[in-house]
Amino acid sequence: MKGNKVTHGELICYFGLWFFMAAMHFSDQCNFWSMKNIDAFCGAPHQLGSFMSRILFEQITLILILTDRKSLPYVDKFWEVRQLMKEWNKNMFENFLLHGYHA
C-alpha cells in the first residue's frame, strides 16, 4: 500500500483472507497472525502473515468504504453492506444465471 492506495493484488488478498477467516473459528482475529508455536492453547495453524501483514490488513479495513449512502434513521446493522449485496446479487444474476432459466 502506497499512501492510501491499495493495489489490486492487495485487495484480492485482503478479501481472500476474509473468506478464509470466515471459515475458521478463532475468538480473536489477531490469532491468525500469531507467530507462537502451535499447541493446544495458542498459535494459529495458518499464519496469515506470510500473505499480508496484520498492520496492512487493519489499514485496509479502516479505509475500505462499502457504500456511498448515508446511514439510516433507524437501527440497521447491515446498512453499510446493503449496496454491496445488491450489486453482488445483480452481478451473479447477470453473469452466472443459467441461460434460459428463470426462477
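Heads up: the structure comes first, above all this text.
Definitions and cut-offs
Residues numbered from 1 in each chain as written. Predicted model: local features only at pLDDT ≥ 70, side-chain atom pairs only at ≥ 80, totals over all residues. Heavy atoms only, no water. Axes fitted to C-alpha atoms, helices over the stretch in contact; angles between N-to-C directions. Helix = DSSP H or I, 4+ residues; strand = E, 2+ residues; numbered from the N terminus. Parallel < 35°, antiparallel > 145°, perpendicular 65-115°, else oblique. Contact = heavy atoms within 4.5 Å. Nonpolar A, V, L, I, M, F, W, Y, C, P; charged D, E, K, R; others polar. Core = buried A, V, L, I, M, F, W, Y, C linked by side-chain atoms within 4.5 Å. Buried < 20%, exposed > 50% of the residue type's maximum accessible area, 1.4 Å probe, protein only. Salt bridge = Lys/Arg side-chain N within 4 Å of Asp/Glu carboxyl O. Polar contact = N/O pair within 3.5 Å; in protein donor to acceptor, adjacent residues only side chain to side chain.

J.: Explain the packing of helix α1 (residues 8-23) against helix α2 (residues 54-63) here, please?
T.: Pairs of packed helices are described in terms of their axes, by the angle between the two and the distance that separates them. Axis separation between α1 and α2 bottoms out at 11 Å; the angle between their running directions is 95°. By the angle between their directions, the pair α1 and α2 is classed as roughly perpendicular. Of the residues in α2, those touching α1 at Glu10, Tyr14, Leu17, Trp18 and Met21 are Leu56, Phe57, Ile60 and Thr61. Classifying every residue of the contact of α1 with α2 gives 7 nonpolar, 1 polar and 1 charged.

J.: Which parts of the structure should I look at to understand the nonpolar core?
T.: Soluble globular proteins: nonpolar side chains tend toward being buried together. Tyr14, Leu17, Met21, Phe32, Trp33, Leu48, Met52, Leu56, Phe57 and Ile60 form the largest nonpolar core, which has 10 residues in total. Elements with a minimum of two residues in this core: α1 and α2. If we ignore the near neighbours within four places in the chain, the residues touching Leu17 are Trp33, Leu48, Phe51, Met52 and Phe57.

J.: Just checking my understanding: could you explain the pattern of salt bridges for this structure?
T.: Side chains carrying opposite charge are able to pair once their charged atoms draw close together. If you walk through the whole model with that rule in mind, you get 2 salt bridges. For Glu58, the salt bridge identified is with Arg54, shortest N-O distance 3.1 Å. A residue pair is termed a helical-turn pair when its members lie 3 or 4 positions apart in one helix, as Glu58 and Arg54 do in helix α2 at 4 residues. A residue is classified by how much of its surface remains accessible, and Arg54, at 36% relative accessible area, is partly exposed. Across the pair Asp76 and Arg82 runs a salt bridge whose closest N-O atoms are separated by 2.8 Å.

J.: Just checking my understanding: could you explain the side chain of Thr67 for this structure?
T.: Inspection of the secondary structure assignment puts Thr67 in the loop between α2 and α3 (79-96). Look at Thr67 and you get buried, because its relative accessible area is 14%. A polar contact of 3.1 Å, which involves the side chain of Thr67, links it to the backbone nitrogen of Arg69. Engagement of the side chain of Thr67 in a polar contact is seen with the side chain of Gln83, the distance being 2.7 Å.

J.: Is there a simple way to think about the side chain of Gln83 in this case?
T.: With respect to the helices, strands and loops of the structure, Gln83 is situated in helix α3. Ignoring sequence-local partners within four residues, the contact set of Gln83 consists of Leu66, Thr67, Asp68 and Arg69.

Shape descriptors only; they carry no functional weight alone.
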